[in-house]
Number of protein chains: 2
Amino acid sequence: MTRLEKLREIMRAQSVDLVALGPGAHLAWLTGVRPHGDERPLLFCVSGTGAAFLMPVLEAESARQQTDLPFHTWSDDEGPQAALAAVLVGLGAEKAQSIALDETMRADFAGLVQDALPKARRQFGASTVGALRMRKDAAEYAALKKAALVDDIAMRRAWSDMRAGMTEREVADLVRDSFKAQGGSVLFSIIGTGGNGAFPHHHTGDTVLKPGDAVVMDIGGNVDGYPSDMTRMAVIGTPPEGYLEVHAVVEAAVQAALATAKPGVKAHEVDDAARGVIEAAGYGDYFTHRTGHGLGVEIHEPPYITATAQVVLEEGMVFSIEPGIYLPDRFGIRLEDIVILRADGAEILSELPRDLQIIAEA
Amino acid sequence: MTRLEKLREIMRAQSVDLVALGPGAHLAWLTGVRPHGDERPLLFCVSGTGAAFLMPVLEAESARQQTDLPFHTWSDDEGPQAALAAVLVGLGAEKAQSIALDETMRADFAGLVQDALPKARRQFGASTVGALRMRKDAAEYAALKKAALVDDIAMRRAWSDMRAGMTEREVADLVRDSFKAQGGSVLFSIIGTGGNGAFPHHHTGDTVLKPGDAVVMDIGGNVDGYPSDMTRMAVIGTPPEGYLEVHAVVEAAVQAALATAKPGVKAHEVDDAARGVIEAAGYGDYFTHRTGHGLGVEIHEPPYITATAQVVLEEGMVFSIEPGIYLPDRFGIRLEDIVILRADGAEILSELPRDLQIIAEA
């Protein structure tokens, strides 16, 4: 069954008459088309009987090389309304009562569809295309596994060349160069040394790595369209006071989440497991984020592993397990692996141990 | 008057009770805050009496370093609804009847606001913040001028080092390196050689530049947060048959648009002027896009210079003039300059002539 057929199946099950997607991950996953996205409305619309693009004429030639699906084009002087109406009539969706909109697309693209179908009930595509994307097939697993191994090498490269006196940014450059040398590209690298590590989304900057610093290293790259995302911890010389105890708590939280993550459990149970370990150790107030997020054509996608997530985990789902403890002005510790759920539990994609990496002081 | 005060003035004039912005250009222009944007709803809300952020707790520390404006934070396990309700009550906007939503933000961010205010009339921020952004102040002019001069140097660098046998991508690398060496970064570079130039949004690739090719070079960079965007034409050795005649038509179209662009005229009149020249020369079917777009914190922003644009141009507006003629399988020609409107007409930001550049064949 093609992905489009699978989408129609889920549309029937949810009584959704029309799915409308903008340029982005849902569209890339569903059709393989990755059009240039700008302020010109570009939509892919799917009904029970057909599928067609609303396409700015400027993008038509380039997009045509990627797909044989039908186009309705519009030019800058016409505007998109008439072409969208033609798309809807062509799909038999001009009276759609229930629509699923790409939650990531521009608000005005969504507004265009809503204005064309003012009486339709609106839901977001996370419940249709997003639901399908959660379960990865063998080709997607292979792509994510490859990306994870490239990330392992980038992390090892950074460990082998980083040292006291370098800035966070210089460490990030090592990571970037390694991704590039392997034919990939860096998507992000959060290098947070010392107190900076206590901000989970720290912006890598000019802070110099000093002896005694703990360094959060959260790096991800893109390989053939699929991302990686991994966090490891390093210390420059001797760990700061209290570090090793807290590191052991985070590692125990990871292991608890790994042991819990199985088909049939709810996503929040995985969060509960990690959070429970951290709360029991007295650090509950310092674990300020969710335990994980899905990963596929996007770096963040469903399923989200939060304290309230009710989604039932299934075989083939891929997500991060990344609890952390952040002690203001002291250090932060996060350990992150990406897993795929197998029938019997979680398989870690990375082959790099989560052990603390000691960097020589000089 | 601050930008926030100017926004309140336009909100009063349009009877808009609430403006809601996501991470992006509107927010950066209005507040200077450039938060990390992901799937977690992050909004900046402005009412007649107040302004506050709906902020994921994970971003709060980092964003706090950029602004003193009030925050209502939400955590992954709480979700954003209650915090948004608190934002609206704090702003006296819990019964807003007319809202302006950032047209560029994620559809689900817009959906969150619409669900909180289901009876409010919706318009998009292009009519409020976007309208203000069209008229540039002296600091913005200086930033755009600087970016344009950096672009001039990048173009000259490419011209001096490019030659037959290089790929489009290698030419793009020259451009990228020049932006970087000047402290900026490349935003895009469309290098379209030979028949590739006939696609206005060609994806720069591995096509080799051959003697007799005309090369469309549309390059833009970022310098201190402001973009550049310029298109020039080069040929490798001898121009292809018919090239010089068509080049002269495009140049005449640019000059007609430049002569028309004055405060008080409507945007479509500028498009009419350029399009009229091209149609009169018999190439109307081959000018497949609008004449231009605004440029500011974003590379594409209002005013758009299209055949139907009714916006009245004002002093201080900045936009591109970039007519083109695209002859399938032969070549494309586009010439583009960014202008700022002065009381007496259009001032071009670039100081690089639009003359055809001849590249030696060997």
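Residues numbered from 1 in each chain as written. Chains lettered and ligands numbered in written order. Predicted model: local features only at pLDDT ≥ 70, side-chain atom pairs only at ≥ 80, totals over all residues. Heavy atoms only, no water.

### Section: the overall build of chain A
For chain A, the helix and strand inventory stands at ten helices and 18 strands. Against the compact-globule benchmark of 21 Å for 362 residues, chain A has a radius of gyration of 23 Å, which places it among compact chains. In terms of overall dimensions, chain A has C-alpha extents of about 70 × 40 × 35 Å along its principal axes. The buried share of chain A, reckoned over its 362 residues, is 59%. Considering only contacts in chain A between residues 6 or more positions apart, those separated by 24 or more positions represent 66%. (Helix = DSSP H or I, 4+ residues; strand = E, 2+ residues; numbered from the N terminus. Rg over C-alpha atoms; globule rule 2.2 N^0.38 Å. Buried < 20%, exposed > 50% of the residue type's maximum accessible area, 1.4 Å probe, protein only. Contact = heavy atoms within 4.5 Å.)

### A few points about the relation of the copies chain A and chain B
Rotating chain A by 180 degrees and translating it 0.0 Å along the rotation axis places it on chain B, where the RMSD comes to 0.1 Å. In short, the pair behaves as if placed about a two-fold rotation axis. Within chain A, Ala107 of chain A has its C-alpha nearest the rotation axis, a separation of 2.1 Å. In this assembly the copies share their binding face: 100% of the residues contributing to the interface of chain A also contribute to that of chain B. (Least-squares fit on C-alpha atoms with pLDDT ≥ 70 in both.)

### A short note on the environment of Asp218 of chain B
All names here are of chain B. Structurally, Asp218 can be placed in strand β8 (residues 214-223). A residue is classified by how much of its surface remains accessible, and Asp218, at 5% relative accessible area, is buried. In sequence terms Asp218 and Gly292 are 74 residues apart; their C-alpha atoms lie 13 Å from each other. Discounting chain neighbours no more than four positions away, the residues touching Asp218 are Phe188, Ser189, Ile190, Asp229, Met230, Thr231, Arg334 and Glu336. Engagement of the side chain of Asp218 in a polar contact is seen with the side chain of Arg334, the distance being 2.8 Å. (Polar contact = N/O pair within 3.5 Å; in protein donor to acceptor, adjacent residues only side chain to side chain.)

### Observations regarding helix α1 (residues 3-14) of chain A
Each α-helix winds once per 3.6 residues, and so residues spaced three or four apart point in a common direction. Given a rise of 1.5 Å per residue, twelve residues ought to cover 16 Å, and the 17 Å separating the end C-alpha atoms of α1 of chain A matches this to within 8%. In this fold, the buried residues of α1 of chain A make contact with β1 (18-21), α2 (25-31), β2 (43-46), β3 (51-56) and α6 (129-134) of chain A. (Expected span 1.5 Å × (residues − 1).)

### Quick look at a negative patch on the surface
Residues and elements named next belong to chain A. A grouping of Glu269, Asp272, Glu279 and Asp285 is seen on the molecular surface, where their side chains present a negatively charged patch. Tracing the backbone shows Asp285 in the loop between α10 (267-280) and β11 (292-294). Given a relative accessible area of 69%, Asp285 falls into the exposed group. (Patch = residues over 30% accessible without salt bridge, like charges linked within 9 Å, V, L, I, M, F, W, Y side chains within 5 Å. Areas by Shrake-Rupley, 256 points an atom, 1.4 Å probe, with all protein chains shown as cover. Salt bridge = Lys/Arg side-chain N within 4 Å of Asp/Glu carboxyl O. Lys, Arg positive; Asp, Glu negative; His and termini not counted. Charge placed at Lys NZ, Arg CZ, Asp CG, Glu CD.)

### Topic: the sheet that holds strand β4 (residues 71-74) of chain B
Residues and elements named next belong to chain B. Taken in spatial order, the six strands of this open sheet run β4-β3-β2-β1-β5-β6, and their pairing is mixed. Lying at the two open borders of the sheet, with one neighbouring strand each, are β4 and β6 (121-124). Adjacent strand axes in the sheet meet at a mean angle of 20 degrees, parallel and antiparallel pairs treated alike. Note: strand β3 (residues 51-56) against β4, four bridges, orientation parallel. When the sheet's bridge partners are listed, Leu54 is paired in β4 with His72. Of the strands in this sheet, β1 (18-21), β2 (43-46), β3 and β6 are in contact with helix α1 (residues 3-14), which crosses β2 at around 65 degrees. (Pairing = 2+ DSSP bridges. Axes fitted to C-alpha atoms, helices over the stretch in contact; angles between N-to-C directions.)

### Some remarks on the pairing of strand β10 (residues 230-236) of chain A
All names here are of chain A. The buried fraction of β10 amounts to seven of the seven residues, a majority that puts the element mostly inside the structure. Of the two faces of β10, the one lined by Met230, Arg232, Ala234 and Ile236 and the one lined by Thr231, Met233 and Val235 are each fully buried. As defined by bridge partners, strand β8 (residues 214-223) adjoins β10 across six bridges and the pair is classed as antiparallel. Within the sheet, the bridge partner assigned to Ile219 lies in β10 and is Met230. Across three bridges, β10 lies against strand β18 (residues 357-359) in parallel orientation. Note that in β18 the partner of Val235 across the bridge is Ile358.

### Focus on the interface of chain A and chain B
How big an interface is tends to be stated in terms of accessible area lost as the parts join. Counting residues at the interface gives 37 residues for chain A, matched by 37 residues for chain B. On the chain A side of the interface with chain B, the three residues burying the most area are Leu58, Ala107 and His201 of chain A, jointly 18% of the side's total. Our enumeration of links across chain A and chain B arrives at five salt bridges. Put simply, Glu39 of chain B and Arg290 of chain A hold a salt bridge, and the shortest N to O gap is 2.7 Å. Mapped by element, the contributors of at least two residues to the side of chain A that touches chain B are α3 (57-64), α5 (107-116) and β6 (121-124) of chain A. Here the side of chain A that touches chain B takes six residues from α5 of chain A, the largest share from any one element. Looking at the side of chain A that touches chain B residue by residue, the classes come out as ten nonpolar, 13 polar and 14 charged. (Buried area = accessible area lost by both parts, 1.4 Å probe. Nonpolar A, V, L, I, M, F, W, Y, C, P; charged D, E, K, R; others polar.)

### What about the domain arrangement of chain A?
All names here are of chain A. Per the domain assignment, the segments making up chain A are domain 1 (3-133) and domain 2 (138-359). For domain 1 and domain 2, the distance between their C-alpha centres works out to 35 Å. Taken together, the contact between domain 1 and domain 2 spans six residues of the former and six residues of the latter. For the pair domain 1 and domain 2, the two sides together bury roughly 580 Å², of which 48% comes from carbon and sulfur. (Domains from an automatic or database assignment.)

### Some remarks on the sheet that holds β3 of chain A
Residues and elements named next belong to chain A. Pairing is mixed in the open sheet, where six strands are placed in the order β4-β3-β2-β1-β5-β6. Two strands bound the open sheet, and with one partner strand each, they are β4 (71-74) and β6. Taken over all neighbouring pairs, the strand axes of this sheet differ in orientation by 20 degrees on average, direction set aside. Its contacts with the sheet place α3 against β3 and β4, and it is angled at close to 125 degrees to β3.

### Some points on helix α10 (residues 267-280) of chain B
Residue and element names in this part refer to chain B. Along its 14 residues, α10 runs 20 Å from first to last C-alpha, staying within 8% of the 20 Å computed at 1.5 Å per residue. Buried within α10 we find Ala267, His268, Val270, Asp271, Ala273, Ala274, Arg275 and Ile278. In this fold, the buried residues of α10 make contact with α9 (243-260), β12 (301-305), β13 (318-321) and β14 (324-327). Once α10 ends, the next one or two residues include Gly282, with phi positive near 90 degrees.

### Brief notes about the packing of helix α4 (residues 81-90) of chain A against α5 of chain A
Any two packed helices are characterised by the angle at which their axes cross and by the distance between the axes. All names here are of chain A. It is the contact of α4 with α5, at a shortest axis distance of 11 Å, that shows an interaxial angle of 60 degrees. As α4 packs across α5, the resulting crossing turns out to be right-handed. Here Gln81, Leu84 and Leu88 of α4 come into contact with α5, specifically with Leu112, Val113 and Ala116. Partitioned by chemical class, the residues of the contact of α4 with α5 number five nonpolar, one polar and no charged. (Left-handed = near helix turned anticlockwise from the far one by under 90°.)

### A word on the pattern of salt bridges
Considering all chains together, one arrives at 51 salt bridges over all chains under this definition. For Arg354 of chain B, the salt bridge is made with Glu251 of chain B, and the minimal N-O distance between the two is 2.8 Å. With Arg354 of chain B in the loop between β17 (345-348) and β18 (357-359) and Glu251 of chain B in helix α9, the pair connects residues that are 103 residues apart, well separated along the chain. As far as burial versus exposure is concerned, Arg354 of chain B and Glu251 of chain B are alike and both buried. Several salt bridges converge on common partners, so that one network encompasses Asp38, Glu39, Arg40 and Asp76 of chain A together with Arg290 of chain B.

### Regarding the packing of aromatic side chains
Residues and elements named next belong to chain B. Scanning all chains against the criterion turns up six aromatic pairs over all chains. When the centroid spacing of 4.6 Å and the interplanar angle of 45 degrees are considered together, the rings of Phe44 and Phe53 count as tilted. Side by side, Phe44 and Phe53 carry an identical accessibility label, which is buried. Their ring planes at 70 degrees and their centres at 5.5 Å tell us that Phe53 and Phe71 sit as a pair that is edge-to-face. In this pair, Phe53 is assigned in strand β3 and Phe71 in strand β4, connecting sequence segments 18 residues apart. (Phe/Tyr/Trp six-rings, centres within 6.5 Å; stacked < 30°, edge-to-face > 60°.)

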